[in-house]
Amino acid sequence: MKRTGALIGLALLFAPDAAGASEFWVDPVHGKPGNDGSSSAPWRSLQEVLDTGLVATQQWESYPYKQGAKLVAKNPGAPVKGGDIIYLRSGYHGVLRVVSFHNKQRITVAAQEGHQPRFERVLIRSSSHWLFRGLDVRPEHAPKFEWTALFEIQSHGWTGPVYDIVVKGNRLQSVEDSSKWSASDWATLSWTGINADGKNIVVRNNVIRNVYHGIMVTAERSLVDGNLVENFAGDGMRGLGDHTVFQYNTIKNCYDVNEEHHDGFQSFSRGSDGVGTGEVIGVVLRGNTFINYEDPEQPYRATMQGIGCFDGMFIDWVVENNVIVTDHYHGITFNGLRDSRIVNNTVLDPNRERPGPAWIRVGRHGNGMPSTGVVVRNNLTTAIAIAEKQDVIADHNLIIDNPAKLFVDAPATDLHLRKKARAVDTGSSDLAPDIDHDKVSRPWGDTYDIGAYEYHEGEVGIDSLERKEPKTRENPKVGEDATGAQRQQAPEDRATNRSGEADREERKRTQQQADTFCSRATTLWLLALVAVSLLPVVWFMRR
Ligand SMILES: [Ca+2]
Ligand SMILES: [Ca+2]
Ligand SMILES: [Ca+2]
């Protein structure tokens, strides 16, 4: 078996890349503009590569962009094309502006293994099919522009929409260390981490520190997953676009330096008559962690609203498995909520002082419209406040009296349930999520628990994690949905799913791919045999 593996490995060395993708390198220290972009002759600057026509891509046929416009070739025949990867090496890359580059397939811009390419800030405007990975974005003391983010993903009235962008595993910080910052430093030097507009945007596993707002999302049908926002003076996340999923993010340590209402997550509708006159539809908040502060002695410690949604209407929302520890009244508050559920969340006020206790509240819209079709269930919370005369079902919720009896280590914000806690096996199965905050299968034991964590004994196999993890797509095709959640499928996707025709086509394609792979594998195998038989000759010649 070992030998077979070695042979296949060898064969792959000789095999041309099936997709025809190429690799290029940018090195701000040793690179030169006239080079060919190879590893040994890298380019100097990614911005120069873009600005001097070295990327074969597409742009709109005319400007200003109009809906229905066609994409036409831009820089045809240039060395970098859709599907390629550009590796960045350590050094200062300055400001990156990617404007009007609609790639036929995704182009990846990634830190070379072991390298830390540093940028002052990044703007992706009116472009599509890009992935950015491993960038270290840190302006330090560069002048800040009002409302400008470290990583800006932007549609534009003239150049058109932005879509299909992946921002993954980057490190975004206003400064590396904010511990010496005064209140005025916080107010003037902190940038917003990510500002994402457009559609099908994936923001995943980024570390965002020492910022004003963390992740601002007006993007639709997008995914914000597994990010860390640590040390912020505004809101941790904002979600104003429809059908976007915010899941498994950690938002912690809020600073109070101005009149801002601090929220772990905030949303509000925007209509023709301003804030609160529209709708925000189909947002999912799942498995996120919001922690007001870790250190009670933290300077400028804010009191943070957990999930603050005050100006609806909010329609078709799912809020489940979130953990919120906050010294404020508003643990989870919705004013103007329709056809939605708030299920299996844990909301804790870390102290018994005002403001607080932190509650789950469903109230009327500011215009008096009641919330309707809402279920508030299986929540473990320091308080619950459902306004009267609304169509809200609230059951199987448990008020936290003594955190020490319920949680493993409440002062350290470990809110896993203790073995005999009252919340264990007292939840309802109805509308309960089938995984918990740790992505572990529910139920465990007799039935579903109350709160974000399902009590279980022993280690939980990775199997259950993989099987149960909600589907998300990092690489949605145009017209598809980055969120992957079924309830959020676009109408055209639903139509396709209903037809067995599409399924048959898919199976046929898979079979064809398998066949191609097999015939390719045979070719590779023969190549490998030839290569191996030549090895002694090559070895002999080199001696
Ligand atoms: Ca706010
Ligand atoms: Ca309190
Ligand atoms: Ca249970």
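Here the residue numbering is sequential within each chain, running from 1 through the sequence in written order. Labels are handed out in written order, letters beginning with A for the chains and numbers beginning with 1 for the ligands. Per-residue local features are limited, in this predicted model, to residues with pLDDT of at least 70; the limit for side-chain atom pairs, both in listing and counting, is 80 or more; totals at the level of whole chains, interfaces and linings are taken over all residues.

### Some remarks on the overall build of the chain
Okay, step 1: Going along the chain from the N terminus, every DSSP run of H or I of four or more residues is numbered as a helix, and every run of E of two or more is numbered as a strand. Across its full length, the chain holds 7 helices and 42 strands.
Okay, step 2: We call a residue exposed when 12 or fewer other C-beta atoms sit within 10 Å of its C-beta, buried when the count reaches 20 or more, and partly exposed for counts in between; the C-beta positions come from the backbone. Evaluated residue by residue, the chain yields a buried proportion of 46% over its 543 residues.
Okay, step 3: Once C-beta atoms have been placed from the backbone, residue pairs whose C-beta atoms lie within 7 Å are recorded as contacts. Long-range contacts, defined as pairs at least 24 residues apart, comprise 57% of the intrachain contacts of the chain with a sequence gap of at least 6.

### Thoughts on the confidence of the model for the chain
Okay, step 1: pLDDT runs from 0 to 100 and stands for how confident the predictor is about each residue. On average, residues of the chain score 86 in pLDDT, and 80% of them are at 70 or above.
Okay, step 2: For the stretch residues 485-530, pLDDT sits under 50, and the model shows 25 contacts to residues farther than four places along the chain or on other chains.
Okay, step 3: Every residue in residues 532-543 scores below 50 in pLDDT, and together they form 2 contacts with partners more than four places removed in sequence or on other chains.

### Some details on the nonpolar core
Taken as a class, soluble globular proteins show a tendency for nonpolar side chains to be buried jointly.
Okay, step 1: Throughout this description, the term nonpolar core refers to a group of buried Ala, Val, Leu, Ile, Met, Phe, Trp, Tyr and Cys residues whose C-beta atoms join them within 7 Å. One finds Ile86, Phe151, Ile194 and Ile215 to be the most contacted residues of the largest nonpolar core, which totals 116 residues.
Okay, step 2: Beyond its immediate sequence surroundings of up to four residues, Ile215 is in contact with Gly193, Ile194, Val203, Ile208, Val224, Asn227, Val229 and Met237.

### Points about the environment of Gln305
Okay, step 1: Here Gln305 shows up in strand β28 (residues 305-311).
Okay, step 2: With 28 C-beta atoms counted inside 10 Å, the residue Gln305 sits in the buried group.
Okay, step 3: Taking the C-alpha atoms as reference points, Gln305 and Asp263, 42 residues apart in sequence, are found 4.5 Å from one another.
Okay, step 4: If we ignore the near neighbours within four places in the chain, the residues touching Gln305 are His261, His262, Asp263, His328 and His330.

### Let's talk about the pairing of strand β35 (residues 359-363)
Okay, step 1: Of all 5 residues making up β35, 5 are buried, and the element is well covered by its neighbours.
Okay, step 2: A two-sided burial pattern is seen for β35, the buried positions comprising Trp359, Arg361 and Gly363 on one face and Ile360 and Val362 on the other.
Okay, step 3: Strand direction decides the pairing type here: strand β32 (residues 330-335) and β35, joined by 5 bridges, are parallel. Each residue of the ladder has a partner; that of Thr333, found in β35, is Arg361. For two strands to pair, DSSP has to find at least two bridges joining them.

### A word on the pairing of β28
Okay, step 1: Across the 7 residues of β28, 7 count as buried, placing the element largely inside the fold.
Okay, step 2: Here β28 pairs with β32 via 3 bridges, running parallel. Bridge assignment links Ile307 to a residue of β32, and that residue is Ile332.

### Here we look at the environment of Phe232
Okay, step 1: Structurally, the position occupied by Phe232 is in strand β18 (residues 228-232).
Okay, step 2: Look at Phe232 and you get buried, because 31 C-beta atoms sit within 10 Å.
Okay, step 3: Between the C-alpha atom of Phe232 and that of Asp256, which follows or precedes it by 24 residues, the distance is 8.8 Å.
Okay, step 4: Beyond its immediate sequence surroundings of up to four residues, Phe232 is in contact with Val211, Tyr212, His213, Gly214, Cys254 and Tyr255.

### Brief notes about unusual backbone geometry
Okay, step 1: A cis amide bond links Tyr63 to the next residue, Pro64, at an omega of 5 degrees.
Okay, step 2: If you trace the backbone, Pro64 turns up in the loop between β2 (57-60) and β3 (71-74).
Okay, step 3: With omega at 5 degrees, the peptide bond leading from Gly356 into Pro357 counts as cis.
Okay, step 4: Mapped onto the fold, Pro357 is located in the loop between β34 (346-348) and β35.
Okay, step 5: Of note in the backbone geometry, His243 takes a positive phi value of approximately 55 degrees without being a glycine.
Okay, step 6: With phi around 55 degrees, Lys389 is a residue other than glycine that occupies positive phi space.
Okay, step 7: Mapping Lys389 onto the fold places it in the loop between β38 (383-386) and β39 (392-395).

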